[in-house]
Amino acid sequence: EDQVTQSPEALRLQEGESSSLNCSYTVSGLRGLFWYRQDPGKGPEFLFTLYSAGEEKEKERLKATLTKKESFLHITAPKPEDSATYLCAVVNYGGSQGNLIFGKGTKLSVKP
Amino acid sequence: DTAVSQTPKYLVTQMGNDKSIKCEQNLGHDTMYWYKQDSKKFLKIMFSYNNKELIINETVPNRFSPKSPDKAHLNLHINSLELGDSAVYFCASSQGLAVSTDTQYFGPGTRLTVL
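Keep in mind that what you see is a predicted model, and the values were worked out from it rather than measured.

K.L.:
Can you break down the overall build of chain A residue by residue, with the values?
P.N.:
Scanning chain A from terminus to terminus reveals zero helices and eleven strands. In chain A, the succession of helices and strands from N to C terminus is β-β-β-β-β-β-β-β-β-β-β. For a compact globule of 112 residues, the expected C-alpha radius of gyration is about 13 Å, and chain A comes in at 14 Å, within 12% of that figure. Once the C-alpha set of chain A is aligned to its principal axes, its extents read approximately 45 × 30 × 20 Å. Looking at chain A as a whole, 47% of its 112 residues qualify as buried.

Now the structure itself:
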């Protein structure tokens, strides 16, 4: 069964303390891996799409990387406004329609 | 100029009632979705519509019936509400099908509480 597992469930950082979030996946065939940010009481907000192993994408303090089994979201010198839940999702080759399969997210708290 | 909007934001109702949630997107997308996010924050697909046609129908009780009057709207009607239906429901849209890996844009969510 296709599965997405994120770790840790929660992460508390001091402002400026860099770290990484992990997303490991088991799918029949990866079409794409997505990272979303979700603030409390809001819908997920798109960050990145990665398609193949070795690919990297950056946006401000965030950098997403992809291997054949997992993706990392690296956060460099985070600020309090980076506090949110970060969701990882994959689309697989299974079926003609595909499906966006989400992990349970990592709740990031950045303290000033 | 909200891209994906949902109404209402909050919905509190009694068990056994019937309720609807509305969703509209102004992005010109062809595909719309309904997701359910449970108390553990796990987000799961319920339905997908492409050009008003049902594409994905995950294992969802038939008390849930989506309706798409046009490409820009996808409403969710729920009959005989149960306690376990309490969750946040998100609408989303994308240009192509999910399998195309087009980015999905989410609405702000509707928090449904069944008493």
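K.L.:
Which residues make up the pattern of salt bridges, and what values go with them?
P.N.:
Summed over all chains, the structure comprises seven salt bridges over all chains. In this structure, the salt-bridge partner of Arg61(A) is Asp82(A), at a minimum N-O distance of 2.8 Å. A residue pair is termed long-range when its members are at least 10 positions apart, and Arg61(A) in the loop between β6 (56-59) and β7 (62-66) and Asp82(A) in the loop between β8 (70-75) and β9 (84-92) qualify at 21 residues. When the shortest N-O distance is used, the salt bridge between Arg63(B) and Asp85(B) registers 2.8 Å. You can see Arg63(B) sitting in the loop between β6 (53-57) and β7 (64-70) and its partner Asp85(B) sitting in the loop between β8 (73-78) and β9 (87-94), a full 22 residues away along the chain. Across the pair, Asp85(B) and Arg63(B) agree in class, each one buried.

K.L.:
So what's going on with the nonpolar core? Residues and values would help.
P.N.:
With 23 residues, the main nonpolar core has Leu33(A), Trp35(A), Leu73(A) and Tyr86(A) as its most contacted residues. Those elements that provide at least two residues to this core are β2 (10-14), β3 (19-26), β4 (30-38), β5 (45-50), β7, β8, β9 and β11 (106-111) of chain A. Of all the elements, β9(A) adds the most residues to this core, at four residues. In terms of nonpolar packing, the next biggest core, distinct from the first, is built from 20 residues, Val4(B), Phe47(B), Tyr49(B) and Cys91(B) among them.

Each value, and the rule that gives it
Residues numbered from 1 in each chain as written. Chains lettered and ligands numbered in written order. Predicted model: local features only at pLDDT ≥ 70, side-chain atom pairs only at ≥ 80, totals over all residues. Heavy atoms only, no water. Helix = DSSP H or I, 4+ residues; strand = E, 2+ residues; numbered from the N terminus. Rg over C-alpha atoms; globule rule 2.2 N^0.38 Å. Buried < 20%, exposed > 50% of the residue type's maximum accessible area, 1.4 Å probe, protein only. Salt bridge = Lys/Arg side-chain N within 4 Å of Asp/Glu carboxyl O. Core = buried A, V, L, I, M, F, W, Y, C linked by side-chain atoms within 4.5 Å.

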